[in-house]
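This is what each chain is made of:
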Amino acid sequence: MTQDPTIQNQLRAIVDAARERRAEDVVVLDLTEVSSTLEYFVICTATAGLQLNAVQENIREKAQATGLPRPSVEGPSERWLLLAFGGSVVVHIMTKDAREYYDLEGLWSDARVLDFPEIHA
């Protein structure tokens, strides 16, 4: 894992925010050693429409509370949405079909997967 505690806290907040809205299969990829322009991808699966929107709103709110900038949004569609927090963190919220189609984990298979275990209250 990266040594920077600030980015760790920010990534943890994003992962937890996605899970709070029942996003599934949340994966964090560390791209710092395989890309010259990207640092971290957070990828998660949501059902279309309302859940996708609920996940992105919660992520946006919790991420900004940790000091990340207001994200730029690409999409949105019924199948996917991308939140870009500056150049450091990009969040992909996708339906199961879109996630399988784009296969970002396969495309970035050289990236390190960071582990953020679920926290149970």
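Above this note sits the structure.
Residues numbered from 1 in each chain as written. Predicted model: local features only at pLDDT ≥ 70, side-chain atom pairs only at ≥ 80, totals over all residues. Heavy atoms only, no water.

1. Comments concerning the overall build of the protein chain
Stated formally: Numbering goes from the N terminus for both helices and strands, where a helix is a DSSP run of H or I of at least four residues and a strand is a run of E of at least two. A radius of gyration in this sense is built from C-alpha atoms; the matching globule rule multiplies 2.2 Å by the number of residues raised to 0.38. Only protein chains enter the accessibility calculation, which uses a 1.4 Å probe; a residue whose area is less than 20% of its type maximum is buried, one above 50% is exposed, and one in between is partly exposed. Any two residues whose heavy atoms approach within 4.5 Å are treated as being in contact. What sets the accessible areas is the Shrake-Rupley method with a 1.4 Å probe; for residues, cover comes only from the shown protein chains.
The helix and strand tally for the protein chain stands at 4 helices and 6 strands. Counting from the amino terminus, helix and strand elements in the protein chain follow one another as α-β-β-α-β-β-β-α-α-β. Relative to the globule expectation of 14 Å for 121 residues, the C-alpha radius of gyration of the protein chain, 13 Å, shows essentially globular dimensions. C-alpha atoms of the protein chain, sized along the principal axes, occupy 35 × 30 × 30 Å. A buried classification covers 45% of the 121 residues belonging to the protein chain. Contacts in the protein chain between residues at least 24 apart in sequence constitute 59% of all its contacts with a sequence separation of at least 6. Carbon and sulfur atoms provide 49% of the accessible area of the protein chain, an area that totals close to 6,700 Å².

2. Notes on the packing of aromatic side chains
Here is the rule: Each aromatic pair joins two rings of Phe, Tyr and Trp (for Trp, the six-membered one) with centres within 6.5 Å, and gets the label stacked for planes under 30 degrees apart, edge-to-face for over 60, and tilted for any other angle.
Summed over the entire model, instances satisfying the criterion amount to 2 aromatic pairs. Taking 5.8 Å as the distance between ring centres and 80° as the angle between the ring planes, the aromatic pair formed by F41 and W108 counts as edge-to-face. In this pair, F41 is assigned in strand 2 (residues 40-45) and W108 in the loop between helix 4 (104-107) and strand 6 (112-114), connecting sequence segments 67 residues apart. Between Y101 and Y102, the ring centres sit 4.9 Å apart and the planes meet at 85°, which makes this aromatic pair edge-to-face. Judged by its relative accessible area of 62%, Y101 is exposed.

3. Here we look at the pairing of strand 5 (residues 89-94)
For a regular strand, side-chain orientation follows a simple rule: the groups alternate between the two sheet faces. Inclusion rule: Any two strands with at least two DSSP bridges between them are considered paired.
Of all the 6 residues making up strand 5, 6 are buried; the element is thus mostly covered by neighbouring parts of the structure. Side chains of strand 5 alternate between two faces, with V89, V91 and I93 and V90, H92 and M94 buried alike. In this structure, strand 2 lies alongside strand 5, joined through 6 bridges in parallel fashion. Each bridged residue has a counterpart across the sheet, and for V42 the counterpart in strand 5 is V91. Taking the residues that link successive antiparallel strands as the turn, the strand 4 (residues 80-85)-strand 5 hairpin has 3 residues, and the phi of G86 there is positive, at about 60°.

4. Regarding the side chain of S88
Tracing the chain through its elements places S88 in the loop between strand 4 and strand 5. Residues within four places of S88 in sequence aside, it is in contact with E39, Y40 and L68.

Function cannot be inferred from these measures alone, as they are strictly geometric.
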